Amino acid sequence: MSKLLLKGGRVIDPSQAMDLVADVLIEDGKIAAVEKDIAAADAECRDVTGKIVCPGLVDIHCHLREPGLERKETIATGSRAAAAGGFTTVMPMPNTSPVADSPASIRYVRDRAEEAGVVRVYPIGAITKGSEGKELSEMSAMADAGAVAFSDDGRPVLSSRIMRLAMEYSHITGLPLIAHEEDLALVDDGDMNEGYVSTVLGLRGNPAAAEETMIARDIILVRLTGARLHIAHVSTAHGVEMIRGAKAEGLPVTAEVTPHHLTMTEEAVRGYDTNTKVNPPLRTAADVEALIEGLKEGVIDCVATDHAPHTVEDKVVEYHFAANGISGFETALPVLWTELVKEGRLSESELIDRMSCQPARIMGLPAGSLAVGHDADVTVIDPDTILAVDKNSFYSKGKNTPYHGRLLSGWPVMTIVGGRAVMENRVVKES
Ligand code: DOR
């Protein structure tokens, strides 16, 4: 019987409204007890005094790039990067090559993740074949193969008719659709948020309206179909407003926001650093304010990284030609700890809730709790030590981060999956 005892940490578990200094005993991969002064002489012991012990972080939106794009990331490297970032459960998007639009491709991702043996990986299947927006994919068969949601992320489902059919069909699987909201006609090949800054920089603008019109459409389609819709990477204040309205109406709509949309504005693009190129683009200070408010209020349910690793070749080009995305697993927690918790915008418990309990709840995943009997997926956070982000020490193949060199606190120091410490002191263990 394997036993691990985490001694003397501050245990924060929003799923049980718990915040107390206690020991956590893990036995055979499950949470066995959370109490003061547990004596377990036969357990492996870690002193976590001064650290925060919380349910393992859950990321419902990331890109692991396999199959087909292994030059950017593999399921093995992405899993290690997730563990390094404090994540115990991740949901990869299907915009691989080929697109994950069949039961075989869902099984492939699960098998590779099992081989990697680091974090729990629950694949997302494509809504349409090849994510081309023309024909529905084999959603039911993918659900049977283990898909936990459907999305054409990276691309919108432009046809309202196809989106309506996908929503109606999703009732059969009972799984949510995750919508990447942008009207490509309005995006018009835009490189950054449309406004004063894009004009000054001479870059093509992608207006907030490109996102807002699609959020509006999909809320209207949810009203028509009753489907469970999750809105990916919300970036606009009006988007938040519309989601608030949909929730007030009782519609089954949820939403996520990324760490970068919560902490950076379009001003970051001024140096033409292509690491700031992301889709949707970084918006205005007023948008960031609305996103933080929305997350605090619960209108935006959770944080998702949109971890999007790219190669140097994908990024070291003119801004217009650079790939969209930020390698986000390994900075998400400290970026938000430093910018939101330390700045007093969110409490420790609120951030942990939005990065663990809420994402698990809205995707129906068995995670996000330290209740006795639950799988022992645990993250230990050092709230105080300040370290600089070093992209060269990333486990991810993607070194594309705008946070390189930034001094941050709130680093994960231990990641436990099913009772096994897969990361300790920033080192991911070989499985
Ligand atoms: O910035 C992004 N990168 N946004 C997306 O929607 C897709 C992602 C990617 O796959 O690189």
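Here is a short report on the structure shown in this document. (Residues numbered from 1 in each chain as written. Predicted model: local features only at pLDDT ≥ 70, side-chain atom pairs only at ≥ 80, totals over all residues. Heavy atoms only, no water.)

Looking at the sheet that holds strand S7 (residues 87–92)
Turning to step 1, where the next piece is worked out: Pairing in this open sheet of three strands is parallel, and the strands run S6-S7-S8 from one edge to the other. Of all strands in the sheet, those with a lone pairing partner are strand S6 (57–62) and strand S8 (120–121), marking the two edges.
Turning to step 2, where the next piece is worked out: In terms of strand pairing, S7 meets S8 through two bridges, oriented parallel. Across the sheet, residue Val90 finds its bridge partner in S8, namely Val121. (Pairing = 2+ DSSP bridges. Helix = DSSP H or I, 4+ residues; strand = E, 2+ residues; numbered from the N terminus.)

Some remarks on helix H2 (residues 103–116)
Turning to step 1, where the next piece is worked out: Over its 14 residues, H2 runs 20 Å from end to end, which matches the ideal 20 Å to within 8%, given 1.5 Å per residue.
Turning to step 2, where the next piece is worked out: Taken as a whole, H2 has its buried residues at Pro103, Ser105, Ile106, Val109, Ala113 and Ala116.
Turning to step 3, where the next piece is worked out: Where H2 is buried, its residues contact helix H1 (75–84), S7, S8 and helix H3 (139–145).
Turning to step 4, where the next piece is worked out: Looking one or two residues past H2, Gly117 carries a phi angle of roughly 60°, positive in sign. (Expected span 1.5 Å × (residues − 1). Buried < 20%, exposed > 50% of the residue type's maximum accessible area, 1.4 Å probe, protein only. Contact = heavy atoms within 4.5 Å.)

Remarks on the pattern of salt bridges
Turning to step 1, where the next piece is worked out: What the rule picks out here adds up to 29 salt bridges.
Turning to step 2, where the next piece is worked out: The shortest N-O distance in the salt bridge between Asp301 and Arg361 comes to 3.4 Å. Here the residue Asp301 occupies a position in the loop between helix H10 (285–297) and strand S15 (302–303), and Arg361 occupies one in helix H13 (residues 348–363), the gap between them amounting to 60 residues.
Turning to step 3, where the next piece is worked out: Overall, the relative accessible area of 6% leaves Asp301 in the buried class.
Turning to step 4, where the next piece is worked out: One connected set of salt bridges, linked through shared partners, spans Lys30, Arg120, Asp375 and Asp377. (Salt bridge = Lys/Arg side-chain N within 4 Å of Asp/Glu carboxyl O.)

Let's talk about the site of the ligand
Turning to step 1, where the next piece is worked out: Of all residues adjacent to the ligand, which total 14 residues, the nearest are Arg65, Asn95, His180, Asn279 and Asn324.
Turning to step 2, where the next piece is worked out: At 3.5 Å, a side-chain N or O of His63 approaches an oxygen atom of the ligand.
Turning to step 3, where the next piece is worked out: Out of a free accessible area of 290 Å², the ligand has 93% covered by protein chains.
Turning to step 4, where the next piece is worked out: Looking at the shell around the ligand residue by residue, the class counts come to two nonpolar, nine polar and three charged. (Near = heavy atom within 4 Å. Polar contact = N/O pair within 3.5 Å; in protein donor to acceptor, adjacent residues only side chain to side chain. Areas by Shrake-Rupley, 256 points an atom, 1.4 Å probe, with all protein chains shown as cover. Nonpolar A, V, L, I, M, F, W, Y, C, P; charged D, E, K, R; others polar.)

Considering the layout of surface pockets
Turning to step 1, where the next piece is worked out: Within this model, the largest pocket holds a volume of roughly 710 Å³.
Turning to step 2, where the next piece is worked out: In terms of lining, the largest pocket is formed by 37 residues, of which the most central are Gly154, His180, Glu182, Asn279 and Asn324.
Turning to step 3, where the next piece is worked out: For the lining of the largest pocket, the residue count by class is 11 nonpolar, 16 polar and 10 charged.
Turning to step 4, where the next piece is worked out: Within this model, the second largest pocket holds a volume of roughly 310 Å³.
Turning to step 5, where the next piece is worked out: Lining the second largest pocket are 14 residues, with Ala113, Glu114, Val119, Arg120 and Val121 sitting closest to its centre.
Turning to step 6, where the next piece is worked out: Elements that contribute at least two residues to the lining of the second largest pocket include exactly H2, S8 and strand S20 (420–424).
Turning to step 7, where the next piece is worked out: In terms of residue count, the dominant contributor to the lining of the second largest pocket is H2 (three residues). (1 Å grid on protein atoms, 1.4 Å probe; cavity = no way out; pocket = protein on both sides within 12 Å on 5 of 7 lines; lining within 4 Å. Points joined across faces, edges and corners; volume = space filled by probe spheres on them.)

Section: unusual backbone geometry
Turning to step 1, where the next piece is worked out: With omega at 10°, the peptide bond leading from Glu66 into Pro67 counts as cis.
Turning to step 2, where the next piece is worked out: As for its position among the elements, Pro67 is in the loop between S6 and H1.
Turning to step 3, where the next piece is worked out: Following Ser97, the chain continues to Pro98 via a peptide bond in cis, the omega torsion being 5°.
Turning to step 4, where the next piece is worked out: Among the structural elements, Pro98 can be located in the loop between S7 and H2.

Points about the packing of helix H7 (residues 208–225) against helix H8 (residues 237–248)
Turning to step 1, where the next piece is worked out: Where H7 contacts H8, the axes come no closer than 9 Å and their chain directions differ by 10°. The angle between the axes of H7 and H8 places the two elements in the roughly parallel class. Contacts from Glu212, Ile215, Ala216 and Ile219 in H7 reach His238, Gly239, Met242, Ile243 and Ala246 in H8.
Turning to step 2, where the next piece is worked out: The class makeup of the residues in the contact of H7 with H8 is six nonpolar, two polar and one charged. (Axes fitted to C-alpha atoms, helices over the stretch in contact; angles between N-to-C directions. Parallel < 35°, antiparallel > 145°, perpendicular 65-115°, else oblique.)

Some thoughts on the side chain of Thr225
Turning to step 1, where the next piece is worked out: One can find Thr225 in helix H7.
Turning to step 2, where the next piece is worked out: If near-sequence neighbours (up to four positions away) are discounted, Thr225 is found in contact with Arg164, Met167, Glu168 and His171.

Brief notes about H10
Turning to step 1, where the next piece is worked out: Compared with the 18 Å implied by 1.5 Å per residue over 13 residues, the 18 Å span of H10 between its first and last C-alpha is a close match.
Turning to step 2, where the next piece is worked out: By the burial criterion, the buried members of H10 are Asp287, Val288, Ala290, Leu291, Ile292, Gly294 and Leu295.
Turning to step 3, where the next piece is worked out: Tucked inside the fold, the buried residues of H10 contact H8, strand S14 (253–257), helix H9 (259–263), S15, helix H12 (332–341) and H13.
Turning to step 4, where the next piece is worked out: A positive phi of about 95° marks Gly298, the residue just after H10.

Focus on the nonpolar core
Nonpolar side chains in soluble globular proteins generally cluster together in the buried interior.
Turning to step 1, where the next piece is worked out: One finds Val90, Leu177, Ile243, Leu262 and Met355 to be the most contacted residues of the largest nonpolar core, which totals 73 residues.
Turning to step 2, where the next piece is worked out: The element that contributes the greatest number of residues to this core is H12, accounting for six residues.
Turning to step 3, where the next piece is worked out: Not counting residues up to four positions away in its chain, the partners in contact with Val90 are Asp59, Cys62, Leu64, Ala82, Val119, Arg120, Val121, Tyr122 and Phe329.
Turning to step 4, where the next piece is worked out: Judged by nonpolar contacts, the second largest core, of 19 residues, contains Val48, Leu370, Val378 and Ala421. (Core = buried A, V, L, I, M, F, W, Y, C linked by side-chain atoms within 4.5 Å.)

Describing the packing of aromatic side chains
Turning to step 1, where the next piece is worked out: For the structure shown, the criterion picks out one aromatic pair.
Turning to step 2, where the next piece is worked out: Between the aromatic rings of Phe87 and Phe329, the centroid separation amounts to 5.7 Å while the plane-to-plane angle is 45°, which identifies the pairing as tilted. Of the two residues, Phe87 sits in strand S7 while Phe329 sits in the loop between helix H11 (312–315) and H12, which places them 242 residues apart along the sequence. (Phe/Tyr/Trp six-rings, centres within 6.5 Å; stacked < 30°, edge-to-face > 60°.)

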